[in-house]
Amino acid sequence: MIRARLARWWAQLRRRLDRWAERIRTELRRAFADEYSSVEVSRSFALGVFITMLPTLGTGVLLFFLIAWLFERVSKIALFASVLVFNPAVKWGVYGASFTLGTVLLGPVEGATPTAPTLSAANDVVIRLVVGNVILAVVAAVPSYFVCHRVVKAFRAADLAIVESVEGIVEGDEDAAEE
């Protein structure tokens, strides 16, 4: 009885993994195909970098879904790839740099010290954070557009076979898993 349940569970898991692997292969083919121009991919990535850099407290991903749903010519893979660059572990450094930049530009917050924060200064702290964050987001998004554009053009010019390589690795992993 336990063996039969385990066999059914394993078969279900295997079907799910097969569907997941097929989705990955499909998305990789779409990402490296000429479905989007290099400018569209670069714009999508730069937009993603800009949004990811902002202090959205996690709602940026919801904005990604909305943008992907509203605009057909946005490369969803490029948009979401920006999250890999500016992930939550990196965001704390961005917030610190943003607040510091905002403080340099707007001056220190009166009545607030790092050892004795006060709620009365919350608006001034948020303003400095947002000002610094928007500046850093622009500073990060502009070069990311150009870097992404060069990478996409170089990839397409070289006609790399990355999709086939990844498929071979994924299929090799599946073969190894069956043994």
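Just so it is clear, the structure is predicted and the values come from calculations on it, not from any experiment. For every chain, the first residue of the written sequence is number 1, and numbering continues from 1 along that sequence. Local features in this predicted model are restricted to residues of pLDDT 70 or higher, and side-chain atom pairs are both shown and tallied only at a pLDDT of 80 or more, whereas totals for entire chains, interfaces and linings draw on every residue. Hydrogens are left out, water is left out, and the side-chain values use all remaining heavy atoms of the structure.

Considerations on the overall build of the chain
Then step 1. Under the scheme used here, helices are H or I runs from DSSP no shorter than 4 residues and strands are E runs no shorter than 2 residues, and both carry numbers assigned from the N terminus. A tally of helices and strands in the chain yields seven helices and zero strands.
Then step 2. The linear arrangement of helices and strands in the chain, starting from the amino end, is α-α-α-α-α-α-α.
Then step 3. Taking all 179 residues of the chain together, 28% fall into the buried category.
Then step 4. A contact between two residues is defined here by any heavy atoms of the two lying within 4.5 Å. Taking the contacts inside the chain whose residues are at least 6 apart along the sequence as the reference set, 78% of them involve residues at least 24 apart.
Then step 5. As displayed, the chain has an accessible area near 12,100 Å², and 68% of this comes from carbon and sulfur atoms. A 1.4 Å probe rolled over the protein chains alone gives each residue an accessible area, and that area as a share of the maximum for its type sets the label: buried under 20%, exposed over 50%, partly exposed in between. In this description, accessible areas are obtained by the Shrake-Rupley approach with a 1.4 Å probe, and a residue is regarded as covered only by the protein chains that are shown.

A word on the side chain of S42
Then step 1. As for its placement among the helices and strands, S42 is situated in helix α2 (residues 38-53).
Then step 2. When sequence neighbours within four positions are dropped, the list of residues in contact with S42 reads Y145, C148 and H149.

Digging into a nonpolar patch on the surface
Then step 1. Put simply, a patch holds well-exposed residues, over 30% relative accessible area, that have no salt bridge, with like charges counted together within 9 Å and Val, Leu, Ile, Met, Phe, Trp or Tyr side chains within 5 Å. What counts as a salt bridge is simple: a side-chain nitrogen of Lys or Arg found within 4 Å of a carboxyl oxygen of Asp or Glu. Residues V104, L105, L106, I127, I135 and V139 make up a contiguous nonpolar surface patch of about 530 Å² in total accessible area.
Then step 2. Where the nonpolar patch is concerned, the elements lending two or more residues are α5 (88-106) and α6 (122-158).
Then step 3. For L105, the position within the fold is in helix α5.
Then step 4. On the basis of relative accessible area, L105 is assigned to the partly exposed category, the value being 49%.

As for the nonpolar core
Then step 1. V41, F45, V49, M53, F86, A140 and C148 are the most contacted members of the largest nonpolar core, which totals 14 residues.
Then step 2. Mapped onto this core, the elements with two or more residues apiece are α2 and α6.
Then step 3. Beyond its immediate chain neighbours, meaning those up to four positions away, C148 contacts V41, S42 and F45.
Then step 4. Among the nonpolar cores identified, the runner-up in size contains five residues, and F64, I67, V74 and L79 belong to it. Among buried residues, the Ala, Val, Leu, Ile, Met, Phe, Trp, Tyr and Cys ones that are joined through side-chain atoms within 4.5 Å form a nonpolar core.

As for the confidence of the model for the chain
Where the model shows low pLDDT, its predicted coordinates should not be examined in detail.
Then step 1. What pLDDT reports is the predictor's confidence in each residue, on a scale of 0 through 100. Mean pLDDT over the chain stands at 80; residues scoring 70 or higher make up 77%.
Then step 2. The weakest mean pLDDT in the chain belongs to helix α7 (residues 162-178) at 57; the strongest belongs to α2 at 90.

Some details on the packing of aromatic side chains
Then step 1. Geometry of aromatic contacts follows a simple scheme: Phe, Tyr and Trp rings, the Trp one being its six-membered ring, pair when their centres are within 6.5 Å, and the pair is stacked under 30 degrees between planes, edge-to-face over 60, tilted otherwise. What the rule picks out here adds up to five aromatic pairs.
Then step 2. Between W92 and Y95, the aromatic rings sit 5.6 Å apart at their centres with planes inclined by 85 degrees, giving edge-to-face as the arrangement. Taken together, the residues span about one helical turn, with W92 and Y95 both in helix α5 at a distance of three residues.
Then step 3. A ring pair is formed by Y145 and F146, whose centres lie 5.1 Å apart and whose planes are at 85 degrees; its orientation type is edge-to-face.
Then step 4. Members of the aromatic cluster, connected to one another through ring pairs, are F64, F65 and F80.

Topic: the side chain of E40
Then step 1. Along the chain, E40 falls in helix α2.
Then step 2. Using a relative accessible area of 15% as the deciding quantity, one classes E40 as buried.

Here we look at the pattern of salt bridges
Then step 1. Tallied over the full model, the rule gives two salt bridges.
Then step 2. Residue R73 pairs with E40 through a salt bridge whose shortest N-O separation is 2.7 Å. Taken together, the positions of R73 in the loop between α3 (59-70) and α4 (76-85) and E40 in helix α2 put the pair 33 residues apart, joining distant regions of the chain.

Some points on the packing of α2 against α3
Two quantities define a packed helix pair, namely the angle between the helix axes and the distance between the axes.
Then step 1. Put simply, α2 and α3 touch, their axes get as near as 9 Å, and they point 150 degrees apart. It follows that α2 is roughly antiparallel to α3 by the angle criterion. The hand of the α2/α3 crossing is right-handed. Side by side, α2 and α3 meet where L47, G48, I51 and T52 of the first sit next to G60, L63, F64 and I67 of the second.
Then step 2. All residues other than Ala, Val, Leu, Ile, Met, Phe, Trp, Tyr, Cys, Pro, Asp, Glu, Lys and Arg, Gly among them, are scored as polar; the first ten of these are nonpolar and the last four charged. For the contact of α2 with α3, the per-class residue count stands at five nonpolar, three polar and no charged. Under this scheme, a helix contributes an axis fitted over its contacting stretch, all axes are lines through C-alpha atoms, and angles between N-to-C directions fall in the 0 to 180 degree range. The labels follow the angle: roughly parallel below 35 degrees, roughly antiparallel above 145, roughly perpendicular from 65 to 115, and oblique for the rest. What makes a crossing left-handed is the near helix being turned counterclockwise from the far one by less than a right angle; a clockwise turn instead makes it right-handed.

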